[in-house]
Structures are given as C-alpha cells and as structure tokens.
Amino acid sequence: MELLFLGTGAGIPAKSRNVTSIALKLLEERQSVWLFDCGEATQHQILHTSIKPRKIEKIFITHMHGDHVYGLPGLLGSRSFQGGEDELTVYGPKGIKAFIETSLAVTKTHLTYPLVIQEIEEGAVFEDDQFIVTAVSAIHGVEAFGYRVQEKDVPGSLKAALLKEMNIPPGPVYSKIKKGEIVTLEDGRTINGEDFLEPPKKGRAVVFSGDTRVSDKIKELARDCDVLVHEATFAKDDVKLAFDYFHSTTEQAAVTAKEAGAKQLILTHISARYQGEASSELQKEAAAVFPNSITAYDFLEVQVPRG
Ligand code: ZN
C-alpha cells in the first residue's frame, strides 16, 4: 500500500504543482490502483509514473470543483485506448454522473469497459472482504466529502510447524482451527484453534480530507489512522483567508492530526502563493504541532507500513 501524489496544488496548475489527484497503490493487496480526485492533466502526470490506467479500479471524487474533476473525461477515454477492459467505478457527489455522461456523450467517447458512476452520501460507500471505504461531509461551500480507506484485519496464518509437532494432520479440521475455534480431534484431544494461529495483521487506514475548513467530522474520520492526507491550502497566519475560502491552514491540519491520534500527516492542496522557501515553511508550521508531518510534492511516494 503506497500513496503516490500526482498533483498537490490548489485551484490552478502551477509549473511545480499540478492540480489535485492522489493515487493509492494497492498492487500487492488487490493488483489495482485507486485515485482520489482527478484534476486536469492527471493522465499526463500518470505518464511520469509506473501506474497503468487499466489498473485504475476506483476513482473517489471529493467534490465537484473543476480542479478536482476536469481530468476525468480524458483519463476515462484514454483508458479505453490502453486496453482497459475491467470495470471502473467512480464515486462522488451529486452532479458527477451528469458531468461524466455529458462529457463522454457530446465528445462521442466510447468506452471499452463498464463504467459505474455512484453518487454518494455519508456512510459506507464501498465494502468487500478486504476494505471498507467511508465518506463524511466536509465543510467546503459546495457538497464535499472526506474518505477513509480502512483495510480489514487479516487473520493470522496457521502455525504449520506447531501443528506438525503436535501431530495434527491436515484435513477438514484445519478450517476450524483457522477460525480460532475450539476443536475436538479424532483422537479425542481438544485444542483451541487460537493457539495455532499467528497474530492477526492489523488493517491500515488512510484518510483523505478533501477540501475543507477545519472539521470535527474529518477529525473523527481520521481517528487513529495510519496516514491523514489533509489539505493545507494556506499558511498558519492566513487563517482568515482559509475560513473565507472554505479551506484549512497548516496548523489546523496538524491540530486535526494530533487530536485524531493519526500516526502521520501529509499536507497537500498547497496554494501557488507559497513557492520555494515559503513552501518548506509550511511543513515546519505543521511539525511544530504534529512532528510527523510532511508536505507533499508532485510524484512524492509514501509507503503505508503495517502496524
Ligand atoms: Zn474546492
């Protein structure tokens, strides 16, 4: 599980920061990639990475502002030219369906793969046996969501050597042991399956704030997460600007991370007003409150380690 920042700027593209898109690479976990937002030229950014568009399985849109969605029609169309056959699902607020369908229809773009567009509300938006993705409302002047990607705990594997040592041969009984059940063996012995399992691997959690004013709901969404990717459009002193434009400051993002008990904070959606030296100040402002903070830049890759 890795994060790859494809665009880390706010509002309009700059030479050093494209508009927002973040890839969550789940290649080991499910041979796929999920995108969070898809600003203009996201497909151009992808060309500089090892991401294959046909591997993009899901795209989660935080809100309908142009700097978060203008890259969608192009990317969806190109995916057809690049051998995309697997279904792709786009999740987003009301309007996402009309935006995509209209763009594709009037440009006569024909997709070679099934496209599912799901307009979401707060709550679980996706769940399978590996992951659950939940959304909460952010505070952004238009309908906007933050997302939490929660990996489910992976049950511990069987202690094969111990089973052998105890002379418990493989058979149907193993499936009960795997579930940690109390089992009576054919020879009359009773064993506790849990004694024969490695500890479960704890699932990881990555949270994306999307664009938002400082928000209690986002803070709860980020509770005890491994990585909080939070917008920090403005510097600490520009708190009024942040409020007026429905954004957050570096310090507000850091307070959210701290109060949520997040393990790591990554600042993104950085205004083009902060260049060079000013940009590195942003990280310091956050780290003063929450030491494990970094500022994202385009093409930054971050591993999400277990435990
Ligand atoms: Zn916005």
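Caption draft 1: Representation of the layout of surface pockets in the model. Of the pockets and cavities examined, the largest pocket occupies roughly 190 Å³. Lining of the largest pocket is provided by Asn 167, Ile 168, Pro 169, Pro 170, Gly 171, Pro 172, Val 173, Thr 184, Leu 185, Glu 186, Asp 187 and Arg 189. In the lining of the largest pocket, the residues fall into six nonpolar, three polar and three charged.

Caption draft 2: Structural detail: the coordination of the zinc ion. In this structure, His 63 (NE2), His 65 (ND1), His 140 (NE2) and Asp 211 (OD) serve as the protein donors to the zinc ion, at separations of 2.2 to 2.5 Å. Considering all four donor atoms around the zinc ion, the spread of angles at the metal, 88 to 179 degrees, places the coordination shape in the irregular class. The sequence pattern describing where the donors of the zinc ion fall on their chain is H-x1-H-x74-H-x70-D. Here Asp 211 lies in the loop between strand S12 (205-208) and helix H8 (216-221) and His 140 lies in the loop between strand S8 (131-137) and strand S9 (145-151), a separation of 71 residues in the sequence. Residue His 140 is classed as buried on the basis of its relative accessible area, which comes to 5%. Note on Asp 211: relative accessible area 3%, which makes it buried.

Caption draft 3: Structural context of the sheet that holds strand S7 (residues 123-127). What the seven strands build is an open sheet, ordered S7-S8-S9-S12-S13-S14-S15; its pairing is mixed. With partners counted over all chains shown, the strands left at the sheet margins are S7 and strand S15 (293-295), one partner each. Neighbour-to-neighbour, the strand axes of the sheet open up by a mean angle of 20 degrees, direction not taken into account. Pairing analysis gives four bridges linking S7 to S8, with the strands arranged antiparallel. Opposite Phe 126, over in S8, you have Val 133 as the bridge partner.

Caption draft 4: Representation of the nonpolar core. Formed by 28 residues in total, the largest nonpolar core has its most connected members in Leu 3, Phe 5, Leu 24, Trp 34, Phe 36 and Tyr 147. When contributions to this core are tallied by element, the ones reaching two or more residues are strand S1 (2-7), strand S2 (21-26), strand S3 (32-36), S7, S8, S9, S12 and strand S13 (227-231). The residues contacting Trp 34, other than those within four sequence positions of it, are Ile 22, Ala 23, Leu 24, Leu 26, Glu 57, Lys 58, Phe 60, Phe 126, Phe 131, Val 133 and Val 149. Judged by nonpolar contacts, the second largest core, of 26 residues, contains Cys 225, Ala 235, Leu 267 and Tyr 274.

Caption draft 5: Molecular detail of the domain arrangement of the protein. The domain boundaries assigned to the protein delineate domain 1 (2-154 + 201-303) and domain 2 (160-196). Computed over C-alpha atoms, the centres of domain 1 and domain 2 are 45 Å apart.

Caption draft 6: A look at the sheet that holds strand S6 (residues 115-119). If you trace the seven strands from one edge of the open sheet to the other, you get S6-S5-S4-S3-S2-S1-S16, paired in mixed fashion. In the strand order of this sheet, the two ends are held by S6 and strand S16 (301-303), each with one partner. Averaged over all pairs of adjacent strands, the angle between their axes in this sheet comes to 20 degrees, without regard to strand direction. In this sheet, S16 lies alongside S1 in antiparallel orientation, the contact comprising three bridges. If you follow Glu 2 over to S16, its bridge partner there is Gln 303.

Caption draft 7: Broad picture of the packing of helix H10 (residues 250-260) against helix H11 (residues 277-289). Between H10 and H11, the shortest axis-to-axis distance is 8 Å and the interhelical angle comes to 35 degrees. Read as a crossing pair, H10 and H11 show a hand that is right-handed. Contacts from Thr 250, Glu 251, Ala 254, Val 255 and Lys 258 of H10 reach H11 at Leu 282, Glu 285, Ala 286 and Val 289. A breakdown of the residues in the contact of H10 with H11 according to their chemical character gives five nonpolar, one polar and three charged.

Caption draft 8: Spatial organisation of empty space enclosed by the protein. Inspection of every chain in the model, using the stated rule, returns one cavity of 30 Å³ or more. In terms of lining, the largest cavity is formed by 15 residues, of which the most central are Thr 20, Ile 22, Asp 37, Gly 210 and Thr 268.

Caption draft 9: Region of interest: the pairing of S2. In terms of residue burial, S2 counts as a mostly covered element, since six of its six residues are buried. Of the two faces of S2, the one carrying Ser 21, Ala 23 and Lys 25 and the one carrying Ile 22, Leu 24 and Leu 26 are both buried. Pairing of S1 with S2, which is carried by five bridges, proceeds in the antiparallel orientation. Note that in S2 the partner of Phe 5 across the bridge is Ile 22. Of the strand pairs in this sheet, S2 and S3 are connected by five bridges, and their pairing is antiparallel. In the sheet register, Ala 23 faces S3, and the bridge partner there is Leu 35.

Each value, and the rule that gives it
- Residues numbered from 1 in each chain as written.
- Predicted model: local features only at pLDDT ≥ 70, side-chain atom pairs only at ≥ 80, totals over all residues.
- Heavy atoms only, no water.
- 1 Å grid on protein atoms, 1.4 Å probe; cavity = no way out; pocket = protein on both sides within 12 Å on 5 of 7 lines; lining within 4 Å.
- Points joined across faces, edges and corners; volume = space filled by probe spheres on them.
- Nonpolar A, V, L, I, M, F, W, Y, C, P; charged D, E, K, R; others polar.
- Donors = N, O, S within 2.8 Å, 3.2 Å for Na, K, Ca; no water.
- Tetrahedral: all angles 85-135°; square planar, octahedral: opposite > 155°, others 65-115°.
- Helix = DSSP H or I, 4+ residues; strand = E, 2+ residues; numbered from the N terminus.
- Buried < 20%, exposed > 50% of the residue type's maximum accessible area, 1.4 Å probe, protein only.
- Pairing = 2+ DSSP bridges.
- Axes fitted to C-alpha atoms, helices over the stretch in contact; angles between N-to-C directions.
- Core = buried A, V, L, I, M, F, W, Y, C linked by side-chain atoms within 4.5 Å.
- Contact = heavy atoms within 4.5 Å.
- Domains from an automatic or database assignment.
- Left-handed = near helix turned anticlockwise from the far one by under 90°.

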